[in-house]
Amino acid sequence: MNVTFILLTLLIGAILTFVAGKKMALNVAVLTSLVALGLTAFNICEFQNGIDVSFQTQWMTKPNIWISLKADGLSLLMVTLTTFLTPLILLTAVGKDYKNPHKLFALVLFMAFAMTGTFLAEDGFVYYIFWELALIPIFFIALLWGSDTWEIRKAAIIKFFIYTFAGSLFMLIAFLYLYQKSGSFLLPNLAQISLTADEQTWIFLAFFLAYAIKLPIFPFHTWQANTYEKSPAIGTMLLSGIMLKMGVYSILRWQLPLTPQVDERVLNTVLVLCIIGIIYASLIALRETNLKRLLAYSSMAHVGLIAAGAYTFTQDGMQGAVVQMLAHGIVIVALFFLVEIIYKRYRTYEIKDLGGIRAHAIKFTSFFLIFLFASIGLPGTFSFIGEFTLLYSLSQIGWIYAILGGSTIIFGAYYMLKMFEDAILGKTNVKTFADLNSIEFLVLFVLAVAVIFFGIYPKPITDLLFFSI
Amino acid sequence: MNTLIALAGLAVLILVLEIINLRKTIVPLTILGLLAALGITFCDVQILSDNYNNMIVETNFSKMFSSLFIVITIFLVAMSQDFYKEQYEKISDYISLKIFLLIGAVCMISFGNLTMFFIGLEILSITLYILAGSNPTKIKSNEAGMKYFLLGSFASGFILFGIALIYGATASFDLNTISNAILNPETPNFLSLGVVLVTIGMLFKIAAFPFHFWAPDVYQGSPTITTASMSTLAKVAAMATLFKIHAIFESYISEAFTVLLICLAIVTMFVGNIMALKQDNIKRMLAYSGISHAGFMMIALFNTANATAELFYYAAAYSFASIAAFAIIIAVCKNYKDEKIKHFKGLGKQNPMMAAVLTMALLSMAGIPIFAGFFGKFFLFDSALQSGHLELVIFGVINSIISVYYYFKVINQMYSQEAISELPETNHSWIYKTVAVLAILLNIAMGLCPSSILNLF
């Protein structure tokens with residue numbers, strides 16, 4: 001039993017979902033994703049018992065390419081995030097009338113497949129293929145099931161596609177260049193070749209372009225808010241919850257190990273860009289009136305901090321990045337789901353049209369508050385651990401970085417609470433707001449348990465992580 | 001040589017079949033014949049084994065490309081049955097012309113003597129002139145035939161002039177003698193002039209910048225199936241021939257000329273892609289995209305020692321994707337006067353299968369992973385890096401990004417959700433769907449196991 005089974009389950013599940021037809025699609029999709037989650041858990045158990053769950057076989061001899069799926073702590077954590085969030089994201093679609101649901105859910109599973117592959121691949125070429133494959137389903141999900149008029153949506157989604165595609169091609173050049181030197185795409189072989197500092201800087205920059213667009217880091221972020229806004233709820237959750245994390249993961253797995261001697265000035269510039277992104281996104285979030293866009297910018301601010309932590313090149317920064325990545329994935333999915341629930345009831349994302357929901361829906365409000373606090377990193381939630389470690393790592397580089405980066409928490413608290421006040425509290429709304437139904441409750445409950453449990457007891461995660469580092 | 005003889009026999013047989021009133025059997029018999037020819041070529045069956053004074057040299061290179069040409073022709077012939085329904089009395093002419101086209105291509109790829117090369121080139125070109133103008137009722141088709149003929153003759157003239165100069169310098173048409181002569185320092189200088197002229201002629205045939213101006217008009221005006229032949233069979237044949245010629249003279253030509261060719265390759269990519277952005281006619285768009293693909297294939301010229309398999313892979317991937325795309329275009333645009341991209345609006349709803357195939361074909365051309373087009377680009381970039389041409393890779397990547405935009409324009413149209421009620425209900429012939437699906441499956445199969453192709457060399 002090794003990690004290929006997770007991948008195969010998701011791929012076959014995608015096909016089965018498509019075949020199952022409109023009525024059964026959701027059931028099949030949820031079931032498959034749960035099986036994938038079970039398999040992930042099983043693989044983690046085996047891994048912790050010291051059994052190797054990696055998989056390796058040669059794909060091509062010329063060029064020398066291996067289908068190599070390496071499972072270590074970091075990969076398994078990311079796979080867990082994917083397979084944990086996928087069934088929940090699918091469940092958020094219950095009761096929502098999507099056109100052609102079998103196609104939509106098949107695409108969601110296919111995307112989960114591609115993302116899992118990205119997290120597992122150890123061969124640079126295979127990794128690149130999975131990385132690009134993940135782009136195609138989200139393109140169609142956003143294009144076909146998104147909101148707003150066709151023309152506006154199309155423009156936003158095409159922009160997103162071309163941006164990300166462009167970035168990743170430069171990553172491909174970097175891989176090709178490395179391949180010329182080592183004759184293999186396998187990460188251990190690539191890490192062994194000795195490059196001059198100049199070469200490393202160029203390779204660093206090529207990778208950076210791909211990841212900066214994916215995350216996104218200022219000034220490569222212009223696609224993000226529009227894409228998040230126009231995508232259907234499922235697409236937004238996939239994008240923000242998992243796909244962004246592909247970028248952070250890749251920084252930790254590929255970029256930093258391959259370019260340890262990158263030019264100090266370049267690294268500093270990147271750090272400054274991350275910090276600018278944090279402040280810039282926070283400031284925009286302050287002014288946003290659309291819930292989805294507000295969350296998009298808050299997500300950009302948080303991810304900026306994660307990236308900054310990773311680029312500090314310190315042990316703490318990298319660990320903090322991993323922890324915060326998981327926390328952010330869970331929290332942002334929950335927040336987008338809550339916003340989606342509001343949309344289902346009131347048909348709007350505009351804050352000014354909301355308000356006075358608390359009296360109608362006390363369970364909803366409680367969950368909203370939990371995730372809001374988790375988002376701003378209140379002690380006792382998962383995010384606190386991550387953000388604290390990240391800020392600590394920034395302080396090792398320079399106090400000014402930590403202070404500026406820390407502003408995200410202050411800003412975050414301000415705009416999130418303000419949003420909460422305007423959208424949820426206030427005079428009781430004249431329109432009734434039905435409280436959570438059982439499925440919605442279940443999804444939010446599971447997410448809330450995860451956020452609080454790991455906030456109090458993060459040991460399982462750090463244990464698994466240290467297994468690899 | 002066996003391939004050539006078999007094909008020539010087949011072409012004549014088709015004409016005979018028309019005479020003895022067996023018009024209905026022409027297409028099936030041709031496909032069978034082509035399959036047999038494919039077997040002969042691919043399995044190296046030697047029925048007649050003479051070397052014919054080194055006129056035709058069969059190498060692995062020529063064998064592989066000939067097989068590819070035959071497969072492409074099978075697809076084209078299969079589509080002809082339905083395509084020429086309105087001119088059914090002329091079908092034997094059209095089919096045999098397609099076989100002659102194939103003969104020209106095979107001749108070009110396996111020449112051992114420059115006369116043979118020129119004969120092959122002329123067979124190919126003249127057939128294409130006829131086919132381009134083969135819709136006499138359409139003014140655009142007439143224009144295409146005429147334009148192609150005039151400009152093509154110039155190119156042939158250049159090539160002939162070049163061959164004459166090469167002959168003057170080396171006193172032979174034979175490739176072996178020539179390759180010995182270029183090592184000899186006493187060979188006159190004007191040999192290089194001959195080489196340049198031949199290269200210019202071939203650049204015209206592959207529609208590389210600055211000899212590309214004919215391509216959009218001719219592609220747009222010709223009947224769609226001829227466009228398909230031109231952009232797959234003829235382009236690949238010319239490209240492979242250019243590669244072969246370049247490989248022979250590579251050690252002789254100067255550094256400056258190589259730099260010039262590199263610049264031409266880069267500009268070709270840019271011109272094709274940038275012009276394609278604004279097109280609203282899909283055939284014209286594919287013509288420009290074909291120009292940029294020629295630019296990509298030119299990357300192989302700068303590493304002739306190692307890029308043979310890579311060039312073949314790219315050419316095959318591009319051809320299969322093109323065949324699939326053109327099959328869908330023929331089926332969709334049959335009921336319209338022109339081939340505007342807006343005719344594809346709502347195809348995703350009306351006929352999801354066809355839309356999916358066209359999407360995959362375009363994704364392959366754009367170079368999205370898992371489709372063979374991506375691996376093709378990847379292998380070419382790899383070969384360019386091997387020979388130290390990083391600039392080609394960077395410009396190639398930038399062009400891949402540009403090309404995504406116009407390929408996705410078509411994909412967007414197909415899945416557009418605007419009102420599509422005015423779409424006429426059409427019964428698309430199953431033959432186009434079959435051809436398209438088979439071609440795209442070949443493309444995906446190549447993408448899944450690329451080494452099966454690369455290891456053939």
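Because the structure is a prediction, the values reported are computed rather than measured.

Chemist: What exactly am I supposed to notice about the overall build of chain B here?
Modeler: Across its full length, chain B holds 19 helices and zero strands. Against the 2.2 N^0.38 benchmark of 23 Å for 457 residues, chain B shows a C-alpha radius of gyration of 21 Å, consistent with a compact globule. If you line up chain B on its principal axes, its C-alpha atoms span 75 × 55 × 40 Å. For chain B, with 457 residues in total, the buried portion stands at 57%. Nonlocal contacts in chain B, meaning residues at least 24 apart in sequence, comprise 79% of its contacts between residues at least 6 apart.

Chemist: How should I be thinking about the overall build of chain A in this particular structure?
Modeler: Secondary structure summary: chain A contains 18 helices and two strands in total. The globule rule puts the C-alpha radius of gyration for 469 residues at 23 Å, and the 21 Å found for chain A is close to it. Dimensions of chain A, computed from C-alpha atoms along their principal axes, come out at roughly 70 × 55 × 50 Å. For chain A, the proportion of its 469 residues judged to be buried stands at 58%. Counting only contacts in chain A whose residues sit at least 6 apart along the sequence, the fraction spanning at least 24 positions is 81%.

Chemist: I tried to follow the pairing of strand β1 (residues 55–60) of chain A on my own but got confused; where do I start?
Modeler: Residues in a regular strand point their side chains to alternate faces of the sheet. Residues and elements named next belong to chain A. Pairing of β1 with strand β2 (residues 65–69), which is carried by five bridges, proceeds in the antiparallel orientation. Residue pairing for β2: M60 is matched across the bridge by I65. Here β1 folds back onto β2 in antiparallel fashion, the turn holding four residues.

Chemist: Sorry if this is basic, but what is going on with the UniProt feature "domain: NADH:quinone oxidoreductase/Mrp antiporter transmembrane" (unreviewed entry) in chain A here?
Modeler: Sites flagged by UniProt as "domain: NADH:quinone oxidoreductase/Mrp antiporter transmembrane" (unreviewed entry) map to residues 123–407 of chain A. The span residues 123–407 of chain A carries 80% helix and 0% strand; its end-to-end C-alpha distance comes to 38 Å.

Chemist: Would you mind showing me how to read unusual backbone geometry here?
Modeler: In terms of backbone geometry, most residues other than glycine have negative phi values and most peptide bonds are trans. Here the residue pair L215(A) and P216(A) is connected by a cis peptide bond, since its omega of -10° sits within 30 degrees of zero. Along the polypeptide, P216(A) turns up in the loop between α8 (197–214) and α9 (224–230). The omega torsion of the bond from F209(B) to P210(B) falls at 0°, within 30 degrees of zero and hence cis. You can see P210(B) is positioned in the loop between α8 (190–205) and α9 (214–221).

Chemist: Looking at this structure, I do not really get the nonpolar core. What am I missing?
Modeler: Nonpolar side chains in soluble globular proteins generally cluster together in the buried interior. Ranked by internal contacts, the top residues of the largest apolar core, which has 363 residues, are V108(A), A324(B), A327(B) and I328(B). Sorting elements by how many residues they give to this core places helix α13 (residues 308–333) of chain B first, with 21 residues.

Chemist: Just checking my understanding: could you explain the interface of chain A and chain B for this structure?
Modeler: A common way to express how large an interface is: the accessible area buried when the components associate. In this complex, chain A contributes 23 residues to the contact, which on the side of chain B involves 24 residues. Put simply, the parts of the chain that give the side of chain A that touches chain B at least two residues each are α4 (124–133), α5 (135–145) and α6 (150–182) of chain A. Of all the elements, α6(A) adds the most residues to the side of chain A that touches chain B, at 13 residues. Residue composition of the side of chain A that touches chain B, grouped by class: 18 nonpolar, two polar and three charged.

Chemist: How should the confidence of the model for chain B be read in this particular structure?
Modeler: The predicted coordinates ought not to be read in detail in places where the model reports low pLDDT. The share of residues in chain B with pLDDT of 70 or more is 96%, and the mean pLDDT across the chain is 87. Prediction confidence for the complex, expressed as pTM and ipTM, is 0.87 and 0.81 respectively.

Chemist: Sorry, what's going on with the environment of Y219(B) here?
Modeler: All names here are of chain B. Looking at the secondary structure, you find Y219 in helix α9. Accessibility expressed as a C-beta count within 10 Å gives 27 for Y219, which makes it buried. In sequence terms Y219 and Y288 are 69 residues apart; their C-alpha atoms lie 9.4 Å from each other. Those residues in contact with Y219 that sit more than four places away from it in its chain are T227, M230, S231, K283, R284, L286 and A287.

Chemist: Explain the packing of helix α2 (residues 73–91) of chain A against helix α10 (residues 233–258) of chain A here, please?
Modeler: When two helices pack together, their arrangement is given by the angle between the helix axes and by the axis-to-axis distance. Residue and element names in this part refer to chain A. In contact at an axis separation of 11 Å, α2 and α10 are set at 175° when each is read in the N-to-C sense. Between α2 and α10, the interaxial angle falls into the category roughly antiparallel. Here L74, M78, L81, T82, L85 and I89 of α2 come into contact with α10, specifically with I234, M237, L238, G241, I242, K245, Y249, L252 and R253. Residues belonging to the contact of α2 with α10 are distributed by class as follows: eleven nonpolar, two polar and two charged.

Chemist: Honestly, helix α12 (residues 282–298) of chain B in this entry has me stumped. Any pointers?
Modeler: Taking 1.5 Å of rise per residue, the 17 residues of α12(B) would be expected to cover 24 Å, and the 24 Å separating its terminal C-alpha atoms lies within 8% of that figure. Most of α12(B) is tucked away, with 17 of its 17 residues classed as buried.

Chemist: Got a minute to help me understand the confidence of the model for chain A in this structure?
Modeler: This prediction gives chain A a mean pLDDT of 87; 99% of its residues lie at or above 70. For chain A, per-element mean pLDDT is lowest for helix α18 (residues 459–468) of chain A, which scores 76, and highest for helix α3 (residues 101–120) of chain A, which scores 91.

Chemist: Explain the UniProt feature "domain: NADH:quinone oxidoreductase/Mrp antiporter transmembrane" (unreviewed entry) in chain B to me, please; I cannot follow it from the model alone.
Modeler: Summarizing the sequence annotation, UniProt attributes the feature "domain: NADH:quinone oxidoreductase/Mrp antiporter transmembrane" (unreviewed entry) to residues 113–403 of chain B in the numbering used throughout. For residues 113–403 of chain B, the helix share is 76%, the strand share is 0%, and the end-to-end C-alpha distance is 39 Å.

Chemist: Help me understand the packing of α12(B) against α13(B) in this model?
Modeler: Residues and elements named next belong to chain B. Across the interface, α12 lies against α13 with an axial gap of 11 Å and an inter-helix angle of 175°. By the angle between their directions, the pair α12 and α13 is classed as roughly antiparallel. Every residue of α13 that contacts α12 at I282, L286, H293, F296 and M297 is listed here: L311, Y314, A315, Y318, A325 and I329. In the contact of α12 with α13, the residues fall into ten nonpolar, one polar and no charged.

Chemist: Quick question: what am I supposed to make of the environment of V248(A) here?
Modeler: All names here are of chain A. Structurally, V248 can be placed in helix α10. Looking at V248, the number of C-beta atoms within 10 Å reads 25, which means it is buried. When the C-alpha positions of V248 and A307 are compared, they lie 6.5 Å apart, and in sequence the two are 59 residues distant. In contact with V248, other than residues within four places in its own chain, are L215, I306, A307, A310, A321 and M325.

What counts and what doesn't
- Residues numbered from 1 in each chain as written.
- Chains lettered and ligands numbered in written order.
- Predicted model: local features only at pLDDT ≥ 70, side-chain atom pairs only at ≥ 80, totals over all residues.
- Helix = DSSP H or I, 4+ residues; strand = E, 2+ residues; numbered from the N terminus.
- Rg over C-alpha atoms; globule rule 2.2 N^0.38 Å.
- Buried ≥ 20, exposed ≤ 12 C-beta atoms within 10 Å, placed from the backbone.
- Contact = placed C-beta atoms within 7 Å.
- Pairing = 2+ DSSP bridges.
- UniProt positions renumbered as here; feature names shortened; annotations may be inferred.
- Core = buried A, V, L, I, M, F, W, Y, C linked by C-beta atoms within 7 Å.
- Nonpolar A, V, L, I, M, F, W, Y, C, P; charged D, E, K, R; others polar.
- pLDDT = per-residue confidence, 0-100.
- Axes fitted to C-alpha atoms, helices over the stretch in contact; angles between N-to-C directions.
- Parallel < 35°, antiparallel > 145°, perpendicular 65-115°, else oblique.
- Expected span 1.5 Å × (residues − 1).

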